[in-house]
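# Secondary and tertiary structure notes
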Amino acid sequence: MTNKWNVSLDENGALRDEEAYKLFNQGASAWNDFMEQYPETDVDFSHFDFSRYYDLDKIDFSGFQFPKETSFAHTNFGNNCVLFVDVKIGDDYVSFEHANFGYGDISFDFAQFGNGNISFYQANFSNGNVSFIDTTFGKGKIVFNQASFGDGNVSFRQASFGDGGEVSFEHASFGDGKVSFEKASFGDGNVSFHQANFGTSEVWFKDVEFGNGKVLFNYAKFDNGSVSFYQANFGSDEVSFSNTKFGGCEVIFRWTKFSDCIISFNNIQCESLDFSYSSFAQSNSSKKPEITFSMERAHISQSLLLPNLNFRAFSNVTFRGSYLGTLLDIEGCRFSQLPDLTATTINGHFSVDRLHVDEPKQIKESDSTKARRLKELAKKAEDRQTQLDMLAFELDAMTATKQIPFLSRLLNRIYKLISNYGRSISRPFLGLILVWAVCGCVYIGASETESPTMDAFQLSFSQSLPFLSWSRTVKETSLMALYDTEKAKAAITQENSATGQNLPLNNDLLENVGLIQNLFSYILLFFLGLGIRNRFKL
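Small disclaimer: the values here were computed from a predicted structure and weren't measured.

Assigned secondary structure in the chain consists of 10 helices and 33 strands. The C-alpha atoms of the chain give 39 Å as radius of gyration, which overshoots the globular expectation for 538 residues (24 Å, by more than 25%). C-alpha extents for the chain along the principal axes are approximately 140 × 40 × 35 Å. Expressed as a percentage of its 538 residues, the buried residues of the chain come to 51%. For the chain, long-range pairs separated by at least 24 residues make up 61% of all intrachain contacts whose partners lie at least 6 apart in sequence. With the model as given, the accessible surface of the chain reaches about 23900 Å², and the carbon-plus-sulfur share is 50%.

Moving on, we come to unusual backbone geometry. Even without a glycine there, the phi angle at His47 is positive, about 65 degrees. If you trace the backbone, His47 turns up in the loop between strand S2 (42-44) and strand S3 (58-60). Phi is positive for Asn243, which is not a glycine, with a value near 65 degrees. Residue position: Asn243 is located in the loop between strand S21 (239-240) and strand S22 (250-252). In this structure Asn243 comes out as partly exposed when scored by relative accessible area, which is 24%.

All right, on to the confidence of the model for the chain then. Mean pLDDT for the chain: 88, with 93% of residues reaching 70 or above. Taken as a whole, residues 496-506 scores under 50 in pLDDT and shows 28 contacts with residues more than four places along the chain or in a different chain.

The 3 strands are arranged S28-S31-S33 in an open sheet whose pairing can be described as parallel. Two strands lie at the open edges of the sheet, namely strand S28 (310-311) and strand S33 (356-357), each paired on one side alone. In the sheet, strand S31 (residues 334-335) pairs with S33 via 2 bridges, with the strands oriented parallel. Across the sheet, Arg334 pairs through a bridge with His356, a residue of S33.

Turning our attention to the packing of aromatic side chains. A complete count under the given rule lists 104 aromatic pairs for this structure. Consider the rings of Trp31 and Phe61, whose centres lie 6.3 Å apart with planes at 85 degrees: the pair is edge-to-face. Within this pair, whereas Trp31 is found in helix H2 (residues 27-37), its partner Phe61 is found in the loop between S3 and strand S4 (65-66), the two being separated by 30 residues in sequence. Here Trp31 matches Phe61 in class, with each residue buried. Ring centres 5.3 Å apart and planes at 90 degrees place the aromatic pair Phe72 and Phe84 in the edge-to-face group. Taken as a pair, Phe72 in the loop between strand S5 (70-71) and strand S6 (81-83) and Phe84 in the loop between S6 and strand S7 (88-89) lie far apart in primary sequence, 12 residues in all. Owing to a relative accessible area of 1%, Phe72 belongs among the buried residues under this scheme.

Time to look at the side chain of Ser126. One can find Ser126 in the loop between strand S10 (118-119) and strand S11 (130-131). Assessed through its relative accessible area of 15%, Ser126 is described here as buried. Contacts of Ser126, omitting those with residues within four sequence positions, involve Phe101, Gly102, Tyr103, Ser148, Phe149, Gly150 and Asp151.

By size, the foremost hydrophobic cluster in this structure holds 121 residues, and its most contacted members are Phe45, Phe61, Phe181 and Leu273. Secondary structure elements with two or more residues in this core: helix H1 (17-24), H2, strand S25 (269-274), strand S27 (299-305), helix H3 (367-380) and helix H4 (384-400). Ignoring any residue separated from it by four or fewer positions in sequence, one finds Phe61 in contact with Phe24, Phe45, Phe50, Phe66, Phe72, Leu83, Phe84, Val85 and Val87. In this structure, Cys439, Ala456, Leu459 and Leu510 belong to the second largest nonpolar core, which totals 16 residues.

Moving on to the pattern of salt bridges. Oppositely charged side chains can form a pair if their charged atoms are brought close together. Overall, the coordinates contain 22 salt bridges when judged by the stated rule. Here Glu18 makes a salt bridge to Arg52, at a shortest N to O gap of 2.8 Å. Taken together, the residues span a long stretch of sequence, with Glu18 in helix H1 and Arg52 in the loop between S2 and S3 at a distance of 34 residues. You can call Glu18 partly exposed: its relative accessible area is 36%. When salt bridges that share partners are traced, they join Asp10, Arg16 and Asp44 into one network.

This part is about the state of the cysteines. For the structure on display, the rule yields 0 disulfides. The structure places no disulfide on Cys439, whose sulfur is separated from the nearest cysteine sulfur, that of Cys441, by 9.2 Å.

Let us look at the environment of Glu448. Of note, Glu448 is situated in the loop between helix H6 (426-445) and helix H7 (453-464). Expressed as a C-alpha distance, the spacing of Glu448 and Phe84, which sit 364 residues apart in the sequence, is 108 Å.

Here S22 pairs with S25 via 3 bridges, running parallel. Opposite Val251, over in S25, you have Leu273 as the bridge partner. As paired strands, S25 and S27 are joined by 5 bridges and run parallel to one another. Paired with Leu273 across the strands is Leu304, a residue of S27.

Spanning 12 residues, helix H8 (residues 471-482) covers 16 Å between terminal C-alpha atoms, matching the ideal 16 Å at 1.5 Å per step. Buried residues of H8: Ser471, Lys475, Ser478, Leu479 and Leu482, and no others. The arc that holds the buried residues of H8, viewed along the axis, is 100 degrees, so those residues lie on one side.

With their axes 8 Å apart at the nearest point, H6 and H7 run at an angle of 130 degrees to one another. Here H7 runs oblique to H6, going by the angle between their axes. Considering only the axes of H6 and H7, their crossing is right-handed. Across the interface between the two elements, Val435, Trp436, Ala437, Cys439, Gly440, Cys441, Tyr443 and Ile444 of H6 pack against Thr453, Ala456, Phe457, Leu459, Ser460, Phe461, Gln463 and Ser464 of H7. Of the residues belonging to the contact of H6 with H7, the class tally is 11 nonpolar, 5 polar and no charged.

Here S27 runs beside strand S30 (residues 327-329); their pairing, made up of 3 bridges, is parallel. What sits directly across from Leu305, in S30, is Asp329.

Rules and cut-offs
Every residue gets a number counted from 1 within its own chain, in the order that chain's sequence is written. With pLDDT at 70 or above as the cut-off, local features in this predicted model cover only qualifying residues; side-chain atom pairs require 80 or more to be listed or tallied, and sums for whole chains, interfaces and linings still use all residues. With hydrogens and water stripped out, all remaining heavy atoms of the structure feed into the side-chain values. In this description a helix means any DSSP run of H or I spanning at least four residues, a strand means any run of E spanning at least two, and both kinds are numbered starting from the N terminus. Our radius of gyration is a C-alpha quantity, and the globule rule it is checked against amounts to 2.2 Å times the number of residues to the power 0.38. Here the term buried applies to any residue with accessible area under 20% of the maximum for its type, exposed to any over 50%, and partly exposed to those in between, with areas from a 1.4 Å probe on protein chains only. Any two residues whose heavy atoms approach within 4.5 Å at even a single point are treated as in contact. In these tables, accessible area is a Shrake-Rupley quantity obtained with a 1.4 Å probe, and a residue counts as shielded only by the protein chains included in the view. The quantity called pLDDT is the predictor's confidence in a given residue, expressed from 0 to 100. In this analysis, strands are considered paired if DSSP registers two or more bridges between them. Any Phe, Tyr or Trp ring, taking Trp's six-membered ring, that has another such ring centre within 6.5 Å forms a pair; planes under 30 degrees apart are called stacked, those over 60 apart edge-to-face, and the others tilted. In this description, a nonpolar core means a group of buried Ala, Val, Leu, Ile, Met, Phe, Trp, Tyr and Cys residues linked to one another through side-chain atoms lying within 4.5 Å. Salt bridges are counted wherever a side-chain nitrogen of Lys or Arg sits within 4 Å of a carboxyl oxygen of Asp or Glu. Throughout, disulfides are identified as pairs of cysteine sulfur atoms within 2.5 Å of each other. Residue count minus one, scaled by 1.5 Å, sets the expected span of a helix. Working note: the arc is built from the helix axis to C-beta atom directions. Here, axes are lines fitted to C-alpha atoms. For helices the fit covers the stretch in contact, and angles between N-to-C directions go from 0 to 180 degrees. Orientation categories follow fixed angle ranges, with anything under 35 degrees roughly parallel, anything over 145 roughly antiparallel, 65 to 115 roughly perpendicular, and all other angles oblique. Should the near helix be turned counterclockwise from the far one by less than a right angle, the crossing is left-handed, whereas a clockwise turn marks it as right-handed. Note that Gly is not counted as nonpolar here; it falls among the polar residues with everything else outside the nonpolar set of Ala, Val, Leu, Ile, Met, Phe, Trp, Tyr, Cys and Pro and the charged set of Asp, Glu, Lys and Arg.

As structure tokens, this is what we get:
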């Protein structure tokens, strides 16, 4: 084929090897003119060795256009800087598989990839800085599996990964340079860093926008650099950091937003984990069977911070079997179900102040064990209110699931009815008023005088508080006023002889009412005192 660029296409219409290099040497303008005239041309630099050309100080494809399938598979770029800045690539397959980049910097800044699949599988980026800043990827699958990054900085800052395509960095290896995905955005396809290996420097996922696909960091390994997901936004599918190992650094999830997703941090290892000011979904709007927050068998050597978080959308929150370091803060957290901290180990300070658990719609047998563990933690933290709340949950669960005999269940129900398990002042107080009023009405009905109301209620009052010094005087006066004088005197005389009879001897009903009132009053006064003691932590 004869043309002004003096290059030839192979029998398949592809621009390949030396012919492609010849056009590359003519610069971006000539390259793009050629592609405009031959828009169906595939570009194939696979297995090409740029290191043979010693006159190259850099390999610069900046501004080039690749309208069709493009391959740099197994290409050796030597130790030159490699620039693909502002390239435009069509919707066909793009391959940098097994490409070997040398010690120079590599930049794909502002590159625009089409909707085809893109593969950097096992690409070797050596020790130069690698930059994909503001790069736009299309809707195809994006693969960096087993790619190897050296000790230079790696940046995908503000990169945009297309909607719907999977993004995979599985088994990718990052060196000791800083790794940044700050402000990157991912579409609704799955994002996987499964078994990725990060180096000793900082790893930033700040302000990252994840879509509604799965986000997987399972078995990833981070070294001693800090790891930040500050203000990241996760979508509504699974988010998993299970079996991830973080080095001796703080892992930050402050101000992070999680939608109604399943969250797993099972078996993680890290120094400290901070979820301060983060937010979770307020309801299960995706209508999944259940959404859960799981951090089982985790090993956190220093601190786990979860203050004032709302876990109400989760059907299960579990830290079972975890070592939670020297500081656990779940102060002010709100749950729809009891969190599971059974078999956890906490060697330092922890705070459960203002912990709130909604009344469960369905009580499970395991709730009693969960509540008992939370009660133990509250006791160690000297948080009496939470201790009382967990005692209530424990007794409710044991009663509802029939873990105790019938009589014990009956007593628990009475305990709850009268005083809400010792937490209520108003219930026993209102009970005293009710007993006082009912018995007063009985005394009115049994009176033998006109206008007995005041005296009847005074008598009822003295019966409710018989231990007060003036109750005896009030009782004698009320008896004399309410009943036949001789009968009243006989009753008073009989009472003074310590027979225990409080009311006229010939009225068995009133005798029984008086005894019952005394009994109920003592019980209610006991629970009133218990409520006051618990309320004011006396």
